Amino acid sequence: MIQTTIREARKDDLAALIAMFAADDMGGHGDTVATEALPDYLRAFEIIAASPDQTLFVCERAGEVVGTFQTIITTSLTGRGSSAMIIEAVQTRADMRGQGIGAFMIEWVIAEAKGRGIRLVQLTSNAERKDAHRFYERLGFKPSHLGFKMALK
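All values reported here derive from a predicted model rather than from experimental measurement.

Give a description of the side chain of Asp24 that names residues and reports values.
Along the polypeptide, Asp24 turns up in the loop between helix H1 (14–22) and helix H2 (38–50). Separated by 2.5 Å, the side chains of Asp24 and Arg129 make a polar contact. Among all residues touching Asp24, those that are not within four sequence positions of it are Gln91 and Arg129.

An account of H2 is needed here, citing residue identities and associated values.
The α-helix winds at 3.6 residues per turn, so residues separated by three or four positions along the chain end up facing the same way. The terminal C-alpha atoms of H2, which comprises 13 residues, lie 18 Å apart, in line with the 18 Å expected from a rise of 1.5 Å per residue. Of the positions making up H2, those classed as buried are Tyr41, Phe45 and Ile48. Projected down its long axis, H2 shows its buried positions confined to an angular sector of 65°, all on one face. Exposed side chains of H2 directed beyond 90 degrees from the buried face belong to Pro39, Arg43 and Ala50. Contact partners of the buried residues in H2: H1, strand S2 (54–61) and strand S3 (64–75).

Rules behind the numbers
Residues numbered from 1 in each chain as written. Predicted model: local features only at pLDDT ≥ 70, side-chain atom pairs only at ≥ 80, totals over all residues. Heavy atoms only, no water. Helix = DSSP H or I, 4+ residues; strand = E, 2+ residues; numbered from the N terminus. Polar contact = N/O pair within 3.5 Å; in protein donor to acceptor, adjacent residues only side chain to side chain. Contact = heavy atoms within 4.5 Å. Expected span 1.5 Å × (residues − 1). Buried < 20%, exposed > 50% of the residue type's maximum accessible area, 1.4 Å probe, protein only. Arc of directions from axis to C-beta.

Right under this line is the structure:
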């Protein structure tokens, strides 16, 4: 089996991450590999890297970035002041799907959250991504809430 590892993302991973997001035609986020967009990605990377509650990760196989996800820890008064870990921007490189990378990343997040004493792991998924919904349910997630969004730009 090829060794798969997870580590914090570095600035030199940006090209691979941007390419993954830009290749996702269902996401609808407007991601692009166009050079004029690079300052936007760099700004976002710096904000995430500076935050004590957010972490951007990459998943590597044979020295190549094959997946990514971001975690955000939020603490609220509900649940007696407990914390939740939000999983955001989960992406496996298109040519690497179906090889267990997504499950590896999500199981890693769950173990990380448990190790930190976090009470809940949650994520949202585009309503059109039926395969992703089955994937998350197979890993033990339950579709318990209805999400709402409002685009401001």
